[in-house]
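Structural characterization, general
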Amino acid sequence: MKIAIIGTGYVGLGTGAVFADLGNEVIGVDIDAAKVALLQSGTPHIFEPGLAELLARNLKAGRLRFTTDYAAAVPDAELVFICVGTPAGPHGGADMRHVRAAARAVGGHLTPGRRTIVVNKSTMPIGSGDLVGALLSEEAPAGARFAVVSNPEFLREGSAVRDMQHPDRIVLGSTDRGAAEAVAAIYQPFDAPVLITDLRTAEMIKYASNAFLATKISFINEVAAVCEATGADVRQVAAGMGLDPRIGPQFLAAGIGFGGSCFPKDVQALEFMAEEANCHPQLLRAVLEINRDGRRAFVRKLDRLIGGLEGKTVAIWGLAFKPNTDDLREAAALEIIADILARGGWVRAYDPAAMDGARATLASPRVAFCADAYEAANGVDAVALVTEWNEFKGLDLARVRDGMRAPILLDGRNLYDPRELAQLGFTYRGVGLPTSADGIDLPEFSQIAPAVTLAIGDDK
Ligand SMILES: NC(=O)c1ccc[n+]([C@@H]2O[C@H](COP(=O)([O-])OP(=O)(O)OC[C@H]3O[C@@H](n4cnc5c(N)ncnc54)[C@H](O)[C@@H]3O)[C@@H](O)[C@H]2O)c1
């Protein structure tokens, strides 16, 4: 099929590359000429495992192209996917300015005498299908026909390509069943369950799914705070809970909470929509508040551990909002670093993928950017692990310890084994772990089967 993708960010680029790989003819449109030039030359402007190969293969095969020009992409397309950003607006609702601009531009380039299916893939508030339909109507030339389908995306950054190629469900909402079925056909090779609903229900499925996952994270983080205060081990609590199939083991990894371009803004947008509709979104408010508190509590704990941050230097391991991405949007590290600086501290930062973005975002003379985790830890008063990249798991921690001014490690993701760190001479603190009065916590964690403990860590 001939497909136009509007917006070539994490979702649009992944979607376009995967659809091209299935043999479709895909053109990506973006208003950012620098991004388009990079993509056209075969270089992804974002880091996603497997994306560079997919891009190269499909550019070479001539199935994938990029342009800034709607006229080169929309008139011939059978399907047009809107994948532009919907960031948080000033009052918490989704900022729909990019969607409006994209819908108007698409409408103006529809072809008279043809029928085009416009697919809302961005996460858009309930009612956006009608809004996009109205904007298309306003701009479309006489004789152009179109249908609007909502097709929310569930991919996770860090595994965007794999998630697109192995979706667990395809949700399609439309008032035009034939149009929804035509979109379903494109996903047919993936053999995933397809749910066809009305427009508003499909839009709500996306918000409700993200809000539920965020709730699970805030839930376990609240439990972690109680564990820490009462001497229980949240890792074992989560493992014990997760064995109940009604609960399941995923998204029960206690830590410093969720970030990124989706959970925070989507929960906030759902809260906003609920308030606008005179509902009382008490649970959603609590989910966001617990998440904010987790970051503040982390810095307070750090402050206590090193006897005040004023004049002290802390290594921050991990800046991206989660591993395997360079995305810094709503990353916990940014807030944590700002808090450390506000308390008079200094920072030595390192991330395996997000250094360029971090340099642009964190311009302060009190933040040093380091080449690796060892360099970051050199001479510091404490290490704070913020993002659980795999490479941090494999570090030589004795070498890290020897380079530090004081061997203090605050683990915001429970990546390390407290027993091992204590044996190495670290003062170690995780999240929701019991701590004895002398600061050594040594719970036995051996009764839990490895398969179960591994499954818990599947975070957004
Ligand atoms: N990132 C994720 O993990 C993820 C997952 C599921 C759903 N979503 C949703 O998908 C949408 C896109 O997210 P993203 O992370 O890919 O955003 P992004 O910011 O990475 O990409 C958006 C792209 O759209 C382009 N753009 C903006 N206005 C445009 C216009 N008028 N015409 C053409 N291009 C335009 C921007 O230049 C940018 O390249 C959002 O609604 C988001 O909530 C994101």
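Residues numbered from 1 in each chain as written. Predicted model: local features only at pLDDT ≥ 70, side-chain atom pairs only at ≥ 80, totals over all residues.

Once that is clear, we can look at helix H13 (residues 332-342). Buried within H13 we find Ala-332, Ala-333, Leu-334, Ile-336, Ile-337 and Ile-340. Turning to H13, the residues buried within the fold contact helix H12 (282-305), strand S9 (313-317), strand S10 (346-350), helix H14 (355-361), strand S11 (367-369) and strand S12 (382-385). (Buried ≥ 20, exposed ≤ 12 C-beta atoms within 10 Å, placed from the backbone. Helix = DSSP H or I, 4+ residues; strand = E, 2+ residues; numbered from the N terminus. Contact = placed C-beta atoms within 7 Å.)

Time to look at unusual backbone geometry. In this structure, Phe-251 takes a positive phi of about 65° despite not being glycine. Note on placement: Phe-251 falls in the loop between helix H10 (234-242) and helix H11 (263-276). Exposure remark for Phe-251: the 21 C-beta atoms within 10 Å place this residue in the buried category.

For the rest of this paragraph, the subject is the domain arrangement of the protein chain. Assigned domains within the protein chain: domain 1 (2-197) and domain 2 (211-456). One C-alpha centre belongs to domain 1, the other to domain 2, and the line joining them spans 34 Å. At the interface, 15 residues of domain 1 touch 15 residues of domain 2. The class makeup of the residues in the side of domain 1 that touches domain 2 is 8 nonpolar, 6 polar and 1 charged. (Domains from an automatic or database assignment. Nonpolar A, V, L, I, M, F, W, Y, C, P; charged D, E, K, R; others polar.)

Following the UniProt record, one finds the feature "domain: UDP-glucose/GDP-mannose dehydrogenase C-terminal" (unreviewed entry) at residues 315-418. End C-alpha atoms of residues 315-418 are separated by 19 Å, and the span's content is 34% helix alongside 18% strand. (UniProt positions renumbered as here; feature names shortened; annotations may be inferred.)

Close to the ligand lie 26 residues, the nearest being Gly-7, Gly-9, Val-11, Ser-122 and Thr-123. When residues of the shell around the ligand are traced back to their parent elements, those giving at least two are helix H1 (10-21) and helix H5 (97-108). Looking at the shell around the ligand residue by residue, the classes come out as 11 nonpolar, 10 polar and 5 charged. (Near = placed C-beta within 6 Å.)

Turning next to the environment of Ala-315. Note that Ala-315 resides in strand S9. The exposure class assigned to Ala-315 is buried, which follows from the 27 C-beta atoms found within 10 Å. Between the C-alpha atom of Ala-315 and that of Met-404, which follows or precedes it by 89 residues, the distance is 9.6 Å. Discounting residues that sit within four places of it in the chain, Ala-315 has contacts with Arg-348, Ala-376, Ala-377, Val-380, Val-383 and Ala-384.

Turning our attention to the sheet that holds strand S13 (residues 408-411). Spatial ordering of the open sheet is given by S11-S10-S9-S12-S13-S14, a layout of 6 strands whose pairing is parallel. With one partner strand each, in any of the chains shown, S11 and strand S14 (427-429) form the two edges of the open sheet. Across the sheet, the mean angle separating the axes of adjacent strands is 20° when strand polarity is ignored. Across 3 bridges, the pairing between S12 and S13 is parallel. (Pairing = 2+ DSSP bridges. Axes fitted to C-alpha atoms, helices over the stretch in contact; angles between N-to-C directions.)

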